[in-house]
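Structural overview for review
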Amino acid sequence: MTPSETVHQMIDELPADLRQEAIHYIEELRPPEEKPAAKKFSLSWAGGLSHLKSSTTSGELQHKAREWRD
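So, how was this worked out
- Residues numbered from 1 in each chain as written.
- Predicted model: local features only at pLDDT ≥ 70, side-chain atom pairs only at ≥ 80, totals over all residues.
- Heavy atoms only, no water.
- Salt bridge = Lys/Arg side-chain N within 4 Å of Asp/Glu carboxyl O.
- Helix = DSSP H or I, 4+ residues; strand = E, 2+ residues; numbered from the N terminus.
- Buried < 20%, exposed > 50% of the residue type's maximum accessible area, 1.4 Å probe, protein only.
- pLDDT = per-residue confidence, 0-100.
- Patch = residues over 30% accessible without salt bridge, like charges linked within 9 Å, V, L, I, M, F, W, Y side chains within 5 Å.
- Areas by Shrake-Rupley, 256 points an atom, 1.4 Å probe, with all protein chains shown as cover.

**Side note on the pattern of salt bridges**
Pairing between side chains of opposite charge can happen when the charged atoms of each approach one another. The tally for this structure, following the rule as stated, stands at one salt bridge. Note that Lys-64 is salt-bridged to Glu-67, the shortest N-O span being 3.5 Å. Of this pair, Lys-64 and Glu-67 both sit in helix α3 (residues 58-69), three residues apart, roughly one helical turn. Lys-64 sits in the partly exposed class, given a relative accessible area of 37%.

Now the structure itself:
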């Protein structure tokens, strides 16, 4: 009998409430899934509003950005 068959048989012989607890314990033993690698933050947008520098204040830009988000 293979180890997985032995474990399966042992779990089947447990009462229902303990069966669920055994399954939960086995899930706890699993190694955590690897998270995908984080992408590097791109600053390609930097300086995109530089043409507004002389005609607009930062406060006006903040208000405009709030309007764009809503």
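The structure having been displayed, the exposition proceeds.
**Thoughts on the confidence of the model for the protein**
A low pLDDT means the predicted coordinates there should not be read in detail. Averaged over every residue, the pLDDT of the protein is 87; residues scoring 70 or more account for 100%. When pLDDT is averaged over each element of the protein, helix α1 (residues 3-12) comes out on top at 91 and α3 at the bottom at 88.

**Quick notes on a nonpolar patch on the surface**
A cluster of nonpolar side chains, namely Val-7, Tyr-25, Ile-26 and Leu-29, defines an oily patch on the protein surface of about 390 Å² accessible area. Sorting elements by how many residues they give to the nonpolar patch places helix α2 (residues 16-29) first, with three residues. Residue placement: Val-7 occurs in helix α1.

**Brief notes about the environment of Gly-48**
Structurally, Gly-48 is set in the loop between α2 and α3. As for Gly-48 and Glu-5, which are separated by 43 residues in sequence, their C-alpha atoms are 63 Å apart.

**Considering the environment of Ile-23**
Within the secondary structure, Ile-23 is located in helix α2. Using a relative accessible area of 35% as the deciding quantity, one classes Ile-23 as partly exposed. Through-space distance from the C-alpha of Ile-23 to that of Ile-11 is 8.1 Å; in sequence the pair is 12 residues apart.

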